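Residue-level structural notes
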Amino acid sequence: MLPCVRHLGNYRQPLLLAAPLLLFLPLPIAVPTSEAYCGFIVLVMAVYWCTEVIPLAVTSILPILLFPAFGIMESRKWSKRELVRFVVMPEDESPDEEMQIPEKKANASTDTIESKDNHEQVNMYKGLTLCICYAASIGGTATLTGTAANLVLKGLINQIYPENGDVINFASWFGFAFPQMLIVFVLCWLWLQVLFLGVNFRQMWGWGIPRSSKEKRAYSVIQKEYSKLGSMSFAEKAVLILFVSLVVLWFTREPGFVPGWGNVLFNKGGKKYVTDATVALFIAFLMFIIPSQAPNFKPWNQDKESSQENGSVKETTEIRKLLNWTTVQHKLPWSVVLLLGGGFALAKGCEVSGLSRWLGLQLMPLQQIPQWAIVVILCLVIAIFTECTSNVATATLFLPILASMATSIHMNPLYVMIPTTLSTSFAFMLPVATPPNAIVFSYGHIRVSDMARAGCLLNLIGVVTVTVAINTWGYAMFDLGTFPQWANTTHVTHK
């Protein structure tokens, strides 16, 4: 039996590619409707996304290929509407993770090398490494650009509910998500402290306890490394100023409680001429023209000629800008662009085919359940599901369905879409759940049981905090007690 299973394992990829096609093929054959065709495509993509048998970004291309083939949507219309959809790219938490882990490892190794059998030091190292990956996931929920799942929500709301009045923007999202992020962050710290170091807070803060020789040596090492950094360069100062300007412009464009500069100067007559993407593009444009060195009031690009006694030598000195296109080509996460575009294509196909409306009607019995209970159940389901899949894939798969459900039962779509989007980032139990978890686990100093033990309660803490947030200050911020007029859309069924 084992040799047979081992032999099948060699054909895992072709089997996973073919199995969903064969398994779900009877659906469009038995029910030759646009809803069934779209359902077949959604199910196949869901399996491919969950198993990652092919890259997530490649799976996202399937709607562009299959929707025209099944007569759901014209390729020409899709290209015009969705080719250039999103320009604000998320800030990936994984690079920060990769920079922080060696730093924490160096700090913790001062003690662990000298006393490897010391249980307290081993727990200290586990707590330090886990706090980094958990903080990366939690911190990404605070801003709209913190993780790609938040951008999926923003894009789907604008696509499904085009008359939403820009209800989700950088300022409104930060106003809601930042307080809940702080709460989850503090509770995460307390839980890791209790789990790995106990409840001796006096010892943790060093109240009345003299520093040991090892602590003094570690502190001196940190001071030396910090001194090596030197003062900030002109490029660093310029990038800092641009980043602060970006955040300020995002916050003040349409703060909600007072008229923002976007409404006063540009957005008039009910039209949105300026959005968060406009601000991002403006700052990006400046980075392409601002030099990386302090200008000396001469042309930035110039040829300097220097003559020598034996001849003349021309030296071309080109002052680099803060950003160049080569760097963009290498560093921009194009896979995320494809994943976002594929998600928007999937949502549009579900709407055009009528699948979204059909799914919403099937979920009508949920109208008998209190809305807060629906939110709790869905957040738990999403938090469990995202342990095994990408948070972007989870958001892309579930949010269009939840939007249809909310519209069908006359529930404010934001009531379910915001907390479930945040729940996709609460994947703390398994190394495969998020890139930060995988990076921490790859160092080999923690076991799966350590991560599962710490992450189980954190998942529950995240879900409870989000549901409390959406039912308190979120309820008032987004007026969730009413069914908004912009959500009363008319779905067009494809014939």
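Keep in mind that this is a model prediction, so the values were computed, not measured.

To continue, consider the overall build of the protein chain. Along the backbone of the protein chain there are 25 helices and two strands. For the protein chain, the share of sequence-separated contacts (at least 6 apart) that also reach a separation of at least 24 residues comes to 76%. Taken as a whole, the protein chain presents about 26700 Å² of accessible surface, with 65% of it coming from carbon and sulfur.

Another point: the packing of helix H10 (residues 148-160) against helix H21 (residues 391-408). The interhelical angle for the contact between H10 and H21, taken along N-to-C directions, is 30 degrees, at an axis separation of 9 Å. The angle between H10 and H21 places the two elements in the roughly parallel class. H21 is crossed by H10, and the crossing has right-handed handedness. Between H10 and H21, the contacting residues are Ala148, Ala149, Val152, Leu153, Leu156 and Ile160 on the first element and Asn391, Val392, Ala395, Thr396, Leu399, Pro400 and Ala403 on the second. Its residues placed into classes, the contact of H10 with H21 shows 11 nonpolar, two polar and no charged.

Let us look at the packing of helix H2 (residues 12-24) against helix H4 (residues 34-51). Contact pair H2 / H4: the axes reach a minimum separation of 9 Å and the direction vectors enclose 155 degrees. When the interaxial angle is binned, H2 and H4 end up roughly antiparallel. Classified by chirality, the crossing of H4 by H2 is right-handed. Contact residues: Arg12, Leu16, Leu17, Pro20, Leu21 and Phe24 in H2; Phe40, Leu43, Val44, Val47, Tyr48 and Thr51 in H4. The residue makeup of the contact of H2 with H4, split by class, is 10 nonpolar, one polar and one charged.

So, about a nonpolar patch on the surface. A grouping of Ile183, Phe185, Val186, Leu187, Trp189 and Leu190 is seen on the molecular surface, where their side chains present a nonpolar patch of about 470 Å² in accessible area. On the secondary structure map, Phe185 appears in helix H11 (residues 170-197).

You will see that Asp166, though not glycine, has its phi angle at about 55 degrees, which is positive. Mapped onto the elements, Asp166 comes out in the loop between H10 and H11. By relative accessible area, Asp166 is classed as buried at 12%.

Per the counting criterion, the structure on display carries 14 aromatic pairs. Ring centres of Phe40 and Phe70 lie 5.9 Å apart, and the angle between their planes is 55 degrees; this geometry places the pair in the tilted category. A residue pair is termed long-range when its members are at least 10 positions apart, and Phe40 in helix H4 and Phe70 in the loop between helix H6 (62-69) and helix H7 (75-82) qualify at 30 residues. Looking at Phe70, the relative accessible area reads 27%, which means it is partly exposed. Aromatic side chains Trp261 and Phe266 sit 6.1 Å apart centroid to centroid with 85 degrees between the ring planes, which places their arrangement in the edge-to-face category. Take Trp261: its relative accessible area is 22%, and that puts it in the partly exposed class. Given the relative accessible area of 41%, Phe266 is considered partly exposed. Ring pairs connect the aromatic residues Phe170, Phe174, Phe178, Trp250 and Phe251, which therefore count as one cluster.

Under the defined criterion, the tally for this structure stands at zero disulfides. With no disulfide of its own, Cys38 lies 3.8 Å from the sulfur of Cys350, the closest cysteine sulfur. Relative accessible area serves as the criterion here: at 0%, Cys38 is assigned to the buried category.

Okay, helix H13 (residues 213-229) next. For H13, with 17 residues, the first-to-last C-alpha span of 25 Å sits near the 24 Å given by 1.5 Å per residue. Backbone geometry just downstream of H13 places Gly230 in the positive-phi region, at approximately 75 degrees.

Attention shifts here to the pattern of salt bridges. Tallied over the entire structure, the rule returns seven salt bridges. Of the charged contacts, one joins Lys228 and Glu225 as a salt bridge, the two residues approaching to 3.5 Å between their closest N and O atoms. In this pair, Lys228 and Glu225 both sit in helix H13, three residues apart, roughly one turn of the helix. Assessed through its relative accessible area of 64%, Lys228 is described here as exposed. For Glu225, a relative accessible area of 43% translates into the label partly exposed. Between Arg253 and Asp276 there is a salt bridge, with its nearest N and O atoms 2.9 Å apart. A residue pair is termed long-range when its members are at least 10 positions apart, and Arg253 in helix H14 (residues 234-253) and Asp276 in helix H16 (residues 276-289) qualify at 23 residues. Pair check on accessibility: Arg253 and Asp276 agree, each one buried.

With that settled, the discussion passes to the environment of Leu22. Relative to the helices and strands, Leu22 is located in helix H2. Classification of Leu22 as exposed rests on a relative accessible area of 64%. As for Leu22 and Val44, which are separated by 22 residues in sequence, their C-alpha atoms are 9.8 Å apart.

Membership of the largest hydrophobic core comes to 101 residues, with the highest contact counts inside it found for Tyr134, Ile168, Leu414, Val416 and Ile418. The element contributing the most residues to this core is H11, with 10 residues. Ile168 has contacts with Leu144, Lys154, Ile157, Trp173, Leu414, Ile418 and Phe478, leaving out every residue within four places of it along the chain.

The rules behind the values
- Residues numbered from 1 in each chain as written.
- Predicted model: local features only at pLDDT ≥ 70, side-chain atom pairs only at ≥ 80, totals over all residues.
- Heavy atoms only, no water.
- Helix = DSSP H or I, 4+ residues; strand = E, 2+ residues; numbered from the N terminus.
- Contact = heavy atoms within 4.5 Å.
- Areas by Shrake-Rupley, 256 points an atom, 1.4 Å probe, with all protein chains shown as cover.
- Axes fitted to C-alpha atoms, helices over the stretch in contact; angles between N-to-C directions.
- Parallel < 35°, antiparallel > 145°, perpendicular 65-115°, else oblique.
- Left-handed = near helix turned anticlockwise from the far one by under 90°.
- Nonpolar A, V, L, I, M, F, W, Y, C, P; charged D, E, K, R; others polar.
- Patch = residues over 30% accessible without salt bridge, like charges linked within 9 Å, V, L, I, M, F, W, Y side chains within 5 Å.
- Salt bridge = Lys/Arg side-chain N within 4 Å of Asp/Glu carboxyl O.
- Buried < 20%, exposed > 50% of the residue type's maximum accessible area, 1.4 Å probe, protein only.
- Phe/Tyr/Trp six-rings, centres within 6.5 Å; stacked < 30°, edge-to-face > 60°.
- Disulfide = S-S within 2.5 Å.
- Expected span 1.5 Å × (residues − 1).
- Core = buried A, V, L, I, M, F, W, Y, C linked by side-chain atoms within 4.5 Å.

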